[in-house]
Structure formats: C-alpha cells, structure tokens
Amino acid sequence: MYLERFTLPSLDDEDKMLEIQKWHNGGKYGYIDNPYPCALFSEKDFYDIFFKKITIFYGGNGSGKSTLLNIIAEKLKLKRIAPFNSSEMFGLFVDACNYEMGFDDEGERYRIPNGSRIITSDDIFDYMLTVRASNDEIEEQKEFAKNGGYADIKYGSTVKFNGLNDYEDYRMQVLSRRKSVSRRQFIKRTAGEEIKLNSNGETALNYFEEKLKFDTIYCLDEPENSMSPKMQLELVKMLEKLSHYCGCQFIIATHSPFILALENARIYNLDETPAEIRNWWELENTKIYYDFFKKHSTLFE
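Residues numbered from 1 in each chain as written. Predicted model: local features only at pLDDT ≥ 70, side-chain atom pairs only at ≥ 80, totals over all residues. Heavy atoms only, no water.

Novice: So what exactly am I meant to see when it comes to the nonpolar core here?
Specialist: In this structure, F57 and I72 are the most contacted members of the largest nonpolar core, which totals 34 residues. If you list the elements that add at least two residues to this core, you get β1 (3-7), α1 (11-26), α2 (65-75), α3 (90-96), β6 (217-221) and β7 (249-254). Take this core: its biggest share by element is 5 residues, from α2. When sequence neighbours within four positions are dropped, the list of residues in contact with I72 reads L3, F6, I49, F51, F57, C219 and I251. Counting 30 residues, the second largest nonpolar core, distinct from the first, contains F250, I252, L260 and L262. (Core = buried A, V, L, I, M, F, W, Y, C linked by side-chain atoms within 4.5 Å. Buried < 20%, exposed > 50% of the residue type's maximum accessible area, 1.4 Å probe, protein only. Helix = DSSP H or I, 4+ residues; strand = E, 2+ residues; numbered from the N terminus. Contact = heavy atoms within 4.5 Å.)

Have a look at this one:
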C-alpha cells in the first residue's frame with residue numbers, strides 16, 4: 001500500500017495561516033473574504049486519515065469529501081485534467097498538510113507511482129463530449145467523400161506539391177489513385193473510424209477501463225456519476241480487482257451505496273462530528289435505500 005497516512009492542519013495551524021494571509025492582504029487591517037478550506041475539517045475534529053487499499057470519503061453536498069480529495073491530490077502532486085474550486089487559502093492549507101508513505105518489501109518508503117492521478121466526473125463528461133465531437137467530424141468527412149469529394153480528388157486536376165501546405169491534398173490524391181484502394185477503403189482511411197459510443201454509463205465504464213493502470217494511486221471524485229446501478233456494480237468489480245491483484249490504491253469520494261460497499265474499504269463519514277470510520281450499512285444514504293425497498297418489499301415477491 002502506497003499512501004499510509006495523511007494529516008490535516010490543526011486548529012492552531014489554521015489560525016496561524018489565517019493571520020499570515022490577513023497580514024499579506026493589508027497588514028494590520030487585512031482581511032480574508034473566504035477562509036475555505038479552513039475550519040471545514042477542524043470543526044469535525046478530523047485531522048488524521050489512515051488509508052487502506054480502498055479508502056472512501058462519504059458525505060452529502062458540502063461535507064467536504066471532494067475538497068478533501070483535491071487537497072490530497074494537490075499535496076501528492078497527482079496528475080489532473082479538470083480544474084477545481086480553489087481559494088486564497090487553499091495553497092497555504094495544502095502546504096500545511098503532511099503525509100506518510102508505506103514501506104515496500106525491502107523496508108524502503110514507497111514513492112508516488114508514476115501515472116498516479118485524480119479523475120473527476122468532469123473528466124468523464126469531457127471525454128464523452130470529445131468522442132461525440134470527433135464522431136461528428138468523421139461523419140462530415142465521410143459525407144464529403146461520398147457526395148462527390150472522392151471523384152473530385154481522384155479525377156480532378158493533379159495537385160502540385162510545392163511545399164508542406166500542399167502535403168495533405170497531395171497525399172489524399174495519391175491514395176485515391178492507387179488501384180489497390182477502393183472508394184470504401186479511401187473513405188475509411190481518410191475519414192477515420194468512429195469511436196463506438198454507447199450509453200453514458202457504458203462510455204464512463206469504458207473510460208475507466210482505458211485509464212486505470214496497474215501499480216498506481218487514483219483519487220476518484222464521485223465516479224458513479226452517469227452510471228446506472230448495473231454499471232456501478234461493474235465498476236465495483238473493476239476497482240476490487242485492481243486493488244486486490246494489480247497493486248492499485250484508490251481514494252474515493254462518493255455517496256453511492258454500491259461504491260460504498262466495495263470489499264474491505266475504509267469509510268470516513270464526513271457527515272458526522274467528529275468524523276468517524278463507519279461500515280457502509282451504517283450510513284444514512286444506505287439506510288434510506290434499505291428503508292425504501294423494505295417498505296415496498298411485497299412488490300418484489
């Protein structure tokens with residue numbers, strides 16, 4: 001296990017940070033518009049996080065679970081794509097955090113594995129949009145080739161190659177005039193292959209299958225977004241396999257009962273004060289599901 005412990009600033013440390021920033025903002029009369037993320041976790045008496053191969057931060061909106069994930073990702077300098085909500089205190093807060101790595105079989109401290117990253121729901125939505133935009137462009141190129149474009153290129157005036165600006169037109173004409181290349185093959189080669197786009201949930205699951213590699217740390221922010229319960233259960237199987245057999249460590253922010261039920265996960269309930277480790281079946285969100293189905297249990301018989 002790579003990451004073993006993460007320590008958040010104490011209440012005294014936060015007070016010192018706030019005083020430093022106030023002075024920076026205007027000396028004796030300086031002030032801070034938004035102290036976030038100060039007081040978010042100290043009010044919950046939450047300072048030390050001890051990790052397992054799968055560690056989950058549970059809580060409702062505003063509980064700080066995504067913020068905590070971003071703090072850890074920034075401190076560990078994990079690769080990220082989507083930006084996150086920050087503040088003037090965020091950098092100081094991250095600097096005041098500390099972490100400890102576990103030990104390998106030879107008694108040496110692990111380092112952050114190459115390729116470790118944070119994945120957010122925005123990353124997945126952007127992936128879906130990119131795939132759709134790429135498919136739309138390929139479809140337009142195919143329509144152009146089908147509706148006379150192929151004939152114009154093949155039988156039109158010979159393209160003169162005078163420099164790099166002419167390269168693409170020249171290449172396409174040479175390709176179109178090869179006897180071994182049919183019209184269908186020409187369209188396929190020049191327009192490209194469309195990426196198979198299924199439902200949002202299936203596309204999201206494909207994204208994780210493509211991005212998650214062995215022997216790596218991942219922070220996952222609400223990975224269940226866009227996924228049906230069936231797809232979430234498929235994701236659970238994937239995460240359990242990667243953590244148990246493939247050397248991956250996952251730190252997850254979620255309130256999905258399916259993700260919460262990951263085998264051997266350690267769950268911190270950020271809805272409590274103080275924040276405590278809980279079993280997934282003890283959490284409010286899970287109990288709501290249970291009570292609902294129990295109330296209507298006769299309908300399933």
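Novice: Whenever I open this one, the environment of I112 confuses me. Can you help?
Specialist: The topology assignment puts I112 in the loop between β4 (98-101) and β5 (117-120). When the C-alpha atoms of I112 and I217 are compared, they prove to be 7.5 Å apart, with 105 residues separating the residues in sequence.

Novice: Can you walk me through a nonpolar patch on the surface in this structure?
Specialist: Together, Y289, F292, F293, L299 and F300 give the surface a local cluster of nonpolar side chains, amounting to about 600 Å² of exposed area. Looking at where L299 falls in the secondary structure, it is placed in the segment after α10 (284-295). We classify L299 as exposed; its relative accessible area is 66%. (Patch = residues over 30% accessible without salt bridge, like charges linked within 9 Å, V, L, I, M, F, W, Y side chains within 5 Å. Areas by Shrake-Rupley, 256 points an atom, 1.4 Å probe, with all protein chains shown as cover. Salt bridge = Lys/Arg side-chain N within 4 Å of Asp/Glu carboxyl O.)

Novice: Teacher, can you tell me more about the packing of aromatic side chains here?
Specialist: Between two aromatic rings, the relevant description is the distance of the centres plus the angle of the planes. Summed over the entire model, instances satisfying the criterion amount to 10 aromatic pairs. Ring geometry for F293 versus F300: centroids 6.0 Å apart, planes at 65°, classification edge-to-face. On the basis of relative accessible area, F293 is assigned to the partly exposed category, the value being 42%. In this structure F300 comes out as exposed when scored by relative accessible area, which is 61%. Connected via pairs of aromatic rings, a cluster forms that spans F46, F57 and Y268. (Phe/Tyr/Trp six-rings, centres within 6.5 Å; stacked < 30°, edge-to-face > 60°.)

Novice: Would you take a moment to explain the pattern of salt bridges for this structure?
Specialist: Any two side chains of opposite charge can pair if their charged atoms end up close together. Evaluated as defined, the whole model comprises 7 salt bridges. The shortest N-O distance in the salt bridge between R80 and E74 comes to 3.7 Å. Two residues, R278 and E272, come together in a salt bridge whose shortest N-O distance is 2.9 Å.

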